[in-house]
Amino acid sequence: MIRTLTIVLAAATSFAQVTHERLTDSSKEPQNWLTYSGNFQGHRFSALKQIDTSNVARLRPAWVFQMDLNFRLETSPLIVDGVMYITEPPSNVSALDARTGRPFWRYKRPQVNDVVHCCGHVNRGLAILGDTLFLGTIDAHMVALDRATGRVRWDVPMESYKSGYSSTGAPLALKDKVISGIAGGEFGVRGFISAFD
């Protein structure tokens, strides 16, 4: 059974649609980080100017968020209109107030105990399109979550985890498709890419 723990109602936050045009023109919104790499070009560089060599030494932590599991953290958060979306290993998601760290909701995917993978429980991030977040899971599923509540909209297996497949990379949302790679080559199976409408 899949559970969503709602800690604070997300209705208090305004959720503008994340259109394909917003993703394509993400450089016009430097306050947001709309894709895994910040933009479709993969620059992984922020155009914000508030932090530079003259003031970087004065930076201090503003808040801390405690994750539930003790695995490596390899996620790149998405930041959309003041909300930070992060993945936690193995396949969990949290929506946080980017200013305070206060959780809006947490999605906890039930763990599958017999997953075979080469390199530990990791998850590298999410994609967003419209009002939906997309998550690849350690058991080789693609999950669509409602951005405001964290509720599951759909859950599709990409391949069988029992054959050594997993999906730990961040998906990419393009126009009307979500593209995700799959892992498993280290067990002699072929990797492939899945696309979802």
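Quick notes on the rules
Residues numbered from 1 in each chain as written. Predicted model: local features only at pLDDT ≥ 70, side-chain atom pairs only at ≥ 80, totals over all residues. Heavy atoms only, no water. Buried < 20%, exposed > 50% of the residue type's maximum accessible area, 1.4 Å probe, protein only. Helix = DSSP H or I, 4+ residues; strand = E, 2+ residues; numbered from the N terminus. Pairing = 2+ DSSP bridges. Axes fitted to C-alpha atoms, helices over the stretch in contact; angles between N-to-C directions. pLDDT = per-residue confidence, 0-100. Contact = heavy atoms within 4.5 Å.

K.L.:
Just to check I follow, could you spell out the pairing of strand S3 (residues 83-88) for this structure?
P.N.:
Working note: regular strand, side chains alternate between the two faces of the sheet. Most of S3 sits out of view: six of its six residues are buried. The alternating pattern of S3 places Val83, Tyr85 and Thr87 on one face and Met84, Ile86 and Glu88 on the opposite face, and all of these are buried. Inspection of the sheet shows strand S2 (residues 78-80) paired to S3 by three bridges, in the antiparallel sense. Counted as the bridge partner of Leu78 is Tyr85 from S3. Across six bridges, the pairing between S3 and strand S4 (residues 92-97) is antiparallel. Bridge assignment links Tyr85 to a residue of S4, and that residue is Ala95.

K.L.:
Sorry if this is basic, but what is going on with the pairing of strand S7 (residues 132-136) here?
P.N.:
Across the five residues that make up S7, a large majority, five, are buried. Neither face of S7 is open: one carries Thr132, Phe134 and Gly136, the other Leu133 and Leu135, and all of them are buried. When strand S6 (residues 126-129) meets S7, the two strands line up antiparallel, connected through four bridges. Within S7, the position partnered with Ala127 by the bridge is Phe134. In this structure, the hairpin formed by S6 and S7 is closed by a connection of two residues, where Gly130 is found at a positive phi of approximately 65°. Summarising the sheet, S7 and strand S8 (residues 141-146) pair through five bridges and their orientation is antiparallel. Within the sheet, the bridge partner assigned to Leu133 lies in S8 and is Leu145.

K.L.:
Help me out: how do you make sense of the sheet that holds S6 in this one?
P.N.:
The pairing of strands in a sheet happens through backbone hydrogen bonds and is either parallel or antiparallel. Here four strands make up an open sheet; going across it, the order is S6-S7-S8-S9 and the pairing antiparallel. The sheet terminates laterally at S6 and strand S9 (152-157), the two strands that pair on one side only. The average undirected angle you get between the axes of adjacent strands in this sheet is 20°.

K.L.:
Looking at this model, I keep getting lost on the confidence of the model for the protein. Mind explaining?
P.N.:
Where the model shows low pLDDT, its predicted coordinates should not be examined in detail. Summing up the model confidence of the protein, the mean pLDDT is 85 and the portion of residues at 70 or higher is 84%. Predicted confidence is poor over residues 1-12, with pLDDT under 50, and the contacts of this stretch with residues over four places away or in other chains come to 32 contacts.

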